[in-house]
Amino acid sequence: MKFQTFNDRNKMYVHLNENTECALKAMPKLKIGCGKYCGLPFDCLMTDVISGCLSQKRVCYGNCTAAQFWKEQGYDFGKRVLNNFDKEFFISCIKKLPPEQKWLRQGWISDCSFTEKSWNLTAEIASILNDYQIRLLIITKIHSLPSEKVMHNLSENKAEIRVSISALDTEEQNQKRLNFLNDYRKIGGLAVPYLMSCKYNNKILSDNQEFLVDYVIKNDFVAGEHPLRFDKQNKIIDELEKDGFWHPKFPNQYWFGRIFEDIPNFILPAPTHLKENYFLPTCFLSDLSTKSIIGLDGNLPTFKDLQQNPQQQSRGINKHAAYVIQKNQ
Ligand code: SF4
C-alpha cells in the first residue's frame, strides 16, 4: 500500500479571516525558562524556543487551541520569534524544579524545527539539561531537518523526539518525518512516531492511516497515539465516521478517542499522562521484553471508553488546555 496525499494542505479546513490577522501583533519574545518558577503552569514544561507557530489559516488540521488562545490575546500566532536564551537564568529555573522532575517538554505551543537557529538552541538546551539528568521530550512536525551535528547532540543527550504523523498530512511531509525517525534512531536517538489518529470514512484517509500504522508495526517502533479533534465547522468532519463524540472539555469539537489501544506499539501516552520520573529506555518495541518504561500515568480515553461514557473526563484532558502567557522576567 502506498500513502496518498488526500488534498492540498488544509484546503478543506476552516479558513479564518486574513484581514483580522493583519491587525494582530507579532508574538512576544519570551525569556526561556522552565517549570512553575518561570510562570509556566506545570513543572514538566519549558518555554518553547520559538514563540508562535503557524498562522491561523495554516494551523494543524484547522484546529489549534494555542493559536486561538493567542489570537484572543491580540497576537498573530504565525508571526514567530526566536525567544531569548540566558543560560544563567535557565539554570536558575532548573535548580528550582522539584528534584523528581526528570523530563521537560519542548513543543507545547510551538515547534522547535522551524529554523537552523531554533534547532541549534534546542540542542544547546538538551546538553545543559543532561548535566542535571533531565531529558528533553521534543514534539515536532520536522518543518525543517536539523543538521547532523544537532542530531548527534540530541541523541547523546538522550532527547526523545516525537514526530507527529497523520493521514491528513501530505505524502511528502510524512516521508520526510518517517525518514527523520529512521535516521535519528540509527544514530542511537530516541525516535518516536506520534500518530494523530481519527476514524475516517474516506478510503484514501483510512488507507493512509493503515499505511502509517503498518509502518510503525513493521519497523518495530515504540509509538504514541493522539486522537485528533475537529471544530464542528471543519469540512473534514464530512470525511469522518459518524459515531464520534463531542469532546467534554471543548464541546464544539468532534473526536473518537484512541482507536489503536490493542496494538502494542502504541504504548506511549500523551505527555499529559507522564509522571515526573518518566523514562523511555528504548524506541524498539522488541526491546521492551527486557526493558521497561517507567513513569506512565494512564492515557487519553479510547473510543470504547467514550462509548461507555461520552462525557468521560480525565486529568490529562484538563491539563492539556491550560495555556497562560508566561511573564517575561
Ligand atoms: S504544531 Fe501545535 S502549536 Fe503549531 S499550529 Fe500545530 S497544533 Fe498549533
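It should be emphasised that the depicted structure is a prediction, and the values quoted were computed from it without experimental measurement.

**Things to note about unusual backbone geometry**
One non-glycine residue with positive phi stands out, namely Ile-142, at about 45°. Relative to the helices and strands, Ile-142 resides in the loop between strand E4 (135-140) and helix H5 (148-156). A residue is classified by how many C-beta atoms lie within 10 Å of it, and Ile-142, with 20 of them, is buried. In this structure, Asp-220 takes a positive phi of about 60° despite not being glycine. You can see Asp-220 is positioned in the loop between helix H7 (203-218) and strand E7 (224-227). Residue Asp-220 is classed as partly exposed on the basis of its C-beta count, with 13 C-beta atoms lying within 10 Å.

**Quick look at H5**
Of all the positions in H5, only Met-151, Asn-153, Leu-154 and Ser-155 are classed as buried. For H5, the secondary structure elements touched by its buried residues are helix H4 (116-131), strand E5 (160-165) and helix H6 (171-186). Just downstream of H5 lies Lys-158, where phi reads positive at about 60°.

**Here's the deal with the pairing of strand E6 (residues 190-197)**
Counting buried positions along E6 gives 8 out of 8 residues, so the element sits mostly inside the fold. What you see with E6 is no split at all: Leu-190, Val-192, Tyr-194 and Met-196 on one side and Ala-191, Pro-193, Leu-195 and Ser-197 on the other are buried throughout. Looking at chain direction, E5 and E6 are connected through 6 bridges and run parallel. Pairing of Glu-160 across the sheet is with Leu-190, part of E6. As for the winding sense of the linkage, the β-α-β connection from E5 through H6 to E6 is right-handed.

**Concerning the sheet that holds strand E8 (residues 230-231)**
On the basis of which strands lie adjacent, the open sheet formed by 3 strands has the order E8-E10-E9 and antiparallel pairing. Since the sheet does not close on itself, it has two edges, and those belong to E8 and strand E9 (245-246), each with one partner.

**Digging into the environment of Asn-265**
Tracing the backbone through its elements, the reader meets Asn-265 in the loop between strand E10 (253-255) and strand E11 (274-279). Distance from Asn-265 to Val-213, taken between C-alpha atoms, is 9.1 Å for residues 52 residues apart in sequence. Those residues in contact with Asn-265 that lie beyond four places of it in its chain are Val-216, Ile-217, Phe-221, Val-222, Ala-223 and Leu-285.

**Some points on the site of the ligand**
Lining the immediate surroundings of the ligand are Cys-53, Leu-54, Val-59, Cys-60, Cys-64, Ala-66, Ala-67, Ile-109, Ser-110, Asp-111 and Lys-141. Looking at the shell around the ligand residue by residue, the class counts come to 8 nonpolar, 1 polar and 2 charged.

Reading the values: rules and limits
Residues numbered from 1 in each chain as written. Predicted model: local features only at pLDDT ≥ 70, side-chain atom pairs only at ≥ 80, totals over all residues. Helix = DSSP H or I, 4+ residues; strand = E, 2+ residues; numbered from the N terminus. Buried ≥ 20, exposed ≤ 12 C-beta atoms within 10 Å, placed from the backbone. Contact = placed C-beta atoms within 7 Å. Pairing = 2+ DSSP bridges. Right-handed = clockwise from strand over helix to strand, strands pointing away. Near = placed C-beta within 6 Å. Nonpolar A, V, L, I, M, F, W, Y, C, P; charged D, E, K, R; others polar.

Scope: geometric values only; no functional claims are made or implied.
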